[in-house]
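Chain and residue survey
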Amino acid sequence: MRADSSGLLSVLLLGTLNAWALPGPHKVKESVIPPRGWTKSGTPRADHSIVLRIGLPQPNFHILEKHLYEVSDPYHDRYGAHLSKEETEALVAPDQDSIDAVNEWLESHDIQEADLVRSPAKDWVTITIPVSLAEKMLDTVSNSSRSVVPPSLTWQIILGI
């Protein structure tokens, strides 16, 4: 199986991502070590499309978590009083400043609103872009990887009754 065939794994293996690649000082949130059995197989084509998902901060997530514990606790007064979809989306929605900052960053790379898919709460933005643009936006270099371990076989036994 080739990791660059789906595009999604390509995003995960872009190397050390330099936060938002905004001008000025920034830090790496985390580096991902390729899973055991995967090896670097080269550089993806510059025009290869990948899916990039951008998660925005959810400043009220702690409130959502509190609600979750309360409605799940049979000894709490709110037990079973689940939030509606709209209430949940309001609690995970990012601040407008975060949305504006991401919009400005995307626009600086000629990515328009029509190119985006936003989650209902606007806390996730999904775009499909060429590897070359992702590398520019994230100030990184990408690599393709492939598994050197053969996939495991799954056997099914169907019993007739």
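This write-up is about the structure you can find in this document.

Analysis parameters
Residues numbered from 1 in each chain as written. Predicted model: local features only at pLDDT ≥ 70, side-chain atom pairs only at ≥ 80, totals over all residues. Heavy atoms only, no water. Helix = DSSP H or I, 4+ residues; strand = E, 2+ residues; numbered from the N terminus. Buried < 20%, exposed > 50% of the residue type's maximum accessible area, 1.4 Å probe, protein only. Contact = heavy atoms within 4.5 Å. Areas by Shrake-Rupley, 256 points an atom, 1.4 Å probe, with all protein chains shown as cover. Arc of directions from axis to C-beta. Pairing = 2+ DSSP bridges. Axes fitted to C-alpha atoms, helices over the stretch in contact; angles between N-to-C directions. Polar contact = N/O pair within 3.5 Å; in protein donor to acceptor, adjacent residues only side chain to side chain.

Looking only at helices and strands, one finds 5 helices and 5 strands in the protein chain. Shown N-terminal to C-terminal, the secondary structure of the protein chain runs as helices and strands in the order α-β-β-α-α-α-β-β-α-β. The buried share of the protein chain, reckoned over its 161 residues, is 29%. Restricting the contact set of the protein chain to residue pairs at least 6 apart, pairs at least 24 apart contribute 73%. As presented, the protein chain carries roughly 11,400 Å² of accessible surface, and 57% of it is formed by carbon and sulfur atoms.

Where helix 3 (residues 85-92) is concerned, the buried positions are Glu 89, Leu 91 and Val 92. Buried residues of helix 3, seen end-on, are gathered within an arc of 160 degrees and therefore sit on one face of the element. Those residues of helix 3 hidden inside the fold are in contact with helix 2 (61-72).

Now for the sheet that holds strand 2 (residues 49-55). Pairing is antiparallel across the open sheet formed by 3 strands, whose spatial order is 2-4-3. Both edges of this open sheet fall to strand 2 and strand 3 (117-118), since each of them pairs with a single strand only. Note: strand 2 against strand 4 (residues 124-130), 7 bridges, orientation antiparallel. Considered in strand 4, the bridge of Leu 52 is made with Ile 127. Taken strand by strand, helix 4 (residues 96-107) contacts strand 2, strand 3 and strand 4, and its axis lies near 155 degrees from that of strand 2.

For Ser 142, the location among the structural elements is in the loop between helix 5 (131-138) and strand 5 (144-147). Residue class for Ser 142 comes out buried when judged on its relative accessible area of 2%. One polar contact links Ser 142 to Glu 135, side chain to side chain, over a distance of 2.7 Å.

With that out of the way, let us pick up unusual backbone geometry. For Asp 110, which is not glycine, the phi dihedral falls at a positive 60 degrees. Here Asp 110 is to be found in the loop between helix 4 and strand 3. Although it is not a glycine, Asp 139 sits at a positive phi angle of roughly 50 degrees. As for its position among the elements, Asp 139 is in the loop between helix 5 and strand 5.

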